[in-house]
Amino acid sequence: LRGLHNLAKAKGRYFGTAIDGLQNNNDPAYQALTGNPAEFGISTAGNSLKWDATEPSRGTFTFTSADYHLKWAKDHGQLYRGHTLVWHSQLPNWVSSGGFSNSTLISIIENHISTVAGRYKGQLYAWDVVNEPFNEDGTYRTSVFYNTIGPAFIPIALRAARATDPSAKLYINDYNTDWIGSKSNAMYALAQSLVAQKVPLDGIGFQAHLIVNSFERTLPTNFQRFAALGLDIAITELDIRFKLPVTDALLASQAENYQYVVNACLGISRCVGITTWDTSDDYSWVPSTFPGEGAALLFDANKSPKPAYYAVANAL
Ligand code: XIL
């Protein structure tokens, strides 16, 4: 294998993966593959930088697993993407149960960001500052942040992140915004207004949790309009799942779909890179979240490259 990151790097991009629970991982084959900087040049923590992991009770911060992961990535010659500072999900109860005044919740957000992003200041390539702000129809998602502060929680979080770690690229990240539609239109309107107001924002993350042959083929046009705002774009959580069992036909469709997504990134000069949401199918979040579906990644449970791997390598 020549290595996906090496191939991406030759085109000025990166290729990365996401990892969870590394501290307790006893799978040398997984670690060898995931930690191979020829394949993956950048690493994202699947869970350990989320609010429930980093500030489980107010003002009490825990960084053991995030620290472990960051050191591991560095030891393996990888950059690091931080995921995520302000998100409605995986929030500890003390935050999600709400009851805060506007100004109290703003100071809770600012303290969370200055402490978590402050710990890793200068060490991260990027932060997903805000994750998943939108509903499918493009309205803002109900959350303790939106309900208490309104859409202003987004610029508040971005400004706090910039003030804390000026060298990290700051992203807003969401799913089902990959193609043109109500949700991506809402993201575009938000990005346009933040740029116009000179709110610190460097990029838009497109999660790209896709289903085989079930997405609209408008990724390039969609990505291009964000790039035209002067923003980077990144594919941050790519996986392409299908209903099990695995068949050769499904693997072939999946390979073609992956190739399409990679080409959509390569066609946009501002598309900085691609991260898959874990390395091999046995570690994917898909089977537990979407029962009956799976096999969404580039490597199978034996850590063998699938047709999709070769399709991605060919595209790169
Ligand atoms: C997922 C993790 O992979 C799971 O382990 C966890 O149980 C739930 O969250 N969009 C995101 C990621 O931004 O944080 C999610 O990660 C997957 C969907």
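Everything numeric in this text was worked out from a predicted model, so none of it was measured.

A. Spatial organisation of the layout of surface pockets. Counted as a void, the largest pocket has a volume near 550 Å³. Lining the largest pocket are 29 residues; nearest its centre among them are His209, Glu237, Trp277, Trp285 and Phe290. Those elements that provide at least two residues to the lining of the largest pocket are strand S1 (14-19), strand S3 (79-87), strand S7 (209-211) and strand S8 (232-243). When the residues that make up the lining of the largest pocket are grouped by side-chain class, the tally is twelve nonpolar, eleven polar and six charged.

B. Examining the site of the ligand more closely. Lining the immediate surroundings of the ligand are Asn47, Lys50, His83, Trp87, Gln90, Asn131, Glu132, Gln207, His209, Glu237, Trp277 and Trp285. For the ligand, an oxygen atom lies 2.8 Å from a polar atom in the side chain of Glu237. Because more than half of its atoms lie within 2 Å of the grid, the ligand is assigned to the largest pocket. In terms of residue class, the shell around the ligand is built from three nonpolar, six polar and three charged.

C. Highlighting the packing of helix H9 (residues 182-196) against helix H10 (residues 219-227). Two elements in contact, H9 and H10, have axes whose closest approach is 10 Å; the angle formed by their N-to-C orientations is 10 degrees. When the axis of H9 is compared with that of H10, the two are roughly parallel. Contact residues: H9 offers Ser184, Asn185, Met187, Tyr188 and Ala191, while H10 offers Asn222, Arg225 and Phe226. Grouping the constituent residues of the contact of H9 with H10 by class yields four nonpolar, three polar and one charged.

D. Looking closely at empty space enclosed by the protein. Evaluation of the coordinates by the stated rule reveals one cavity of 30 Å³ or more. A volume near 60 Å³ is recorded for the largest cavity. Broken down by secondary-structure element, the contributors of at least two residues to the lining of the largest cavity are S3 and strand S4 (126-131). For the lining of the largest cavity, the residue count by class is six nonpolar, three polar and two charged.

Definitions and cut-offs
Residues numbered from 1 in each chain as written. Predicted model: local features only at pLDDT ≥ 70, side-chain atom pairs only at ≥ 80, totals over all residues. Heavy atoms only, no water. 1 Å grid on protein atoms, 1.4 Å probe; cavity = no way out; pocket = protein on both sides within 12 Å on 5 of 7 lines; lining within 4 Å. Points joined across faces, edges and corners; volume = space filled by probe spheres on them. Helix = DSSP H or I, 4+ residues; strand = E, 2+ residues; numbered from the N terminus. Nonpolar A, V, L, I, M, F, W, Y, C, P; charged D, E, K, R; others polar. Near = heavy atom within 4 Å. Polar contact = N/O pair within 3.5 Å; in protein donor to acceptor, adjacent residues only side chain to side chain. Sits in = over half its atoms within 2 Å of the grid points. Axes fitted to C-alpha atoms, helices over the stretch in contact; angles between N-to-C directions. Parallel < 35°, antiparallel > 145°, perpendicular 65-115°, else oblique. Contact = heavy atoms within 4.5 Å.

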